[in-house]
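So the chains spell out like this:
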Amino acid sequence: MPPRLSVVIAVYNESENIGAVADEVLTALAPIGDFEVIFVDDGSTDDTADKVRGIGDARVRLVRQTRSGKSQAVRTGVDAARAPWVGTMDGD
């Protein structure tokens, strides 16, 4: 069964913010039930992808792409979303 809501977060070299952003989103969305959080790594050169992988929550997904810009990263995330409702937010 797909989640009710997908939240797409485009990130580029945001390793310092990943943990806090993930914690806030997971806490805020917990009451709605089924949801997913999709971090789209837009070709980061730091350890952003490793930080996302380290979250350890099945509701969090990582999608990686070569550096294409924020708009394309958001589109990539929306295309990967499984829920009928999609929201976006910044990664910082």
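Residues numbered from 1 in each chain as written. Predicted model: local features only at pLDDT ≥ 70, side-chain atom pairs only at ≥ 80, totals over all residues. Heavy atoms only, no water.

1. Some thoughts on the sheet that holds strand β3 (residues 60-65)
(1) Moving on: Overall, parallel pairing links the four strands, which are arranged β3-β2-β1-β4 in an open sheet. The open sheet is flanked by β3 and β4 (85-90), the only strands paired with a single partner. Along the sheet, successive strands turn relative to each other by an average axial angle of 25°, direction set aside.
(2) Moving on: Of the pairings in the sheet, the one linking strand β1 (residues 5-11) to β4 comprises six bridges and is parallel in character. Note that in β4 the partner of Ser6 across the bridge is Val86.
(3) Moving on: Packing against the sheet, helix α1 (residues 15-29) makes contact with β1, β2 (35-42), β3 and β4, and its axis sits at approximately 160° to β2.
(4) Moving on: Its contacts with the sheet place helix α3 (residues 70-80) against β1, β2, β3 and β4, and it is angled at close to 145° to β2. (Pairing = 2+ DSSP bridges. Helix = DSSP H or I, 4+ residues; strand = E, 2+ residues; numbered from the N terminus. Axes fitted to C-alpha atoms, helices over the stretch in contact; angles between N-to-C directions. Contact = heavy atoms within 4.5 Å.)

2. Details of the pairing of β2
(1) Moving on: Taking burial as the measure, the eight residues of β2 include eight buried ones, the bulk of the element.
(2) Moving on: Burial of β2 is two-sided: the residues Phe35, Val37, Phe39 and Asp41 facing one way and the residues Glu36, Ile38, Val40 and Asp42 facing the other way are all buried.
(3) Moving on: Both β1 and β2 contribute to a ladder of seven bridges, which runs parallel. Bridge assignment links Val7 to a residue of β2, and that residue is Val37.
(4) Moving on: One crossover worth recording links β1 to the parallel β2 by way of α1, and it is right-handed.
(5) Moving on: Looking at chain direction, β2 and β3 are connected through six bridges and run parallel. When the bridges of β3 are listed, Val37 appears paired with Val60.
(6) Moving on: Regarding the hand of the β-α-β motif, the stretch spanning β2, helix α2 (residues 48-53) and β3 is right-handed. (Buried < 20%, exposed > 50% of the residue type's maximum accessible area, 1.4 Å probe, protein only. Right-handed = clockwise from strand over helix to strand, strands pointing away.)

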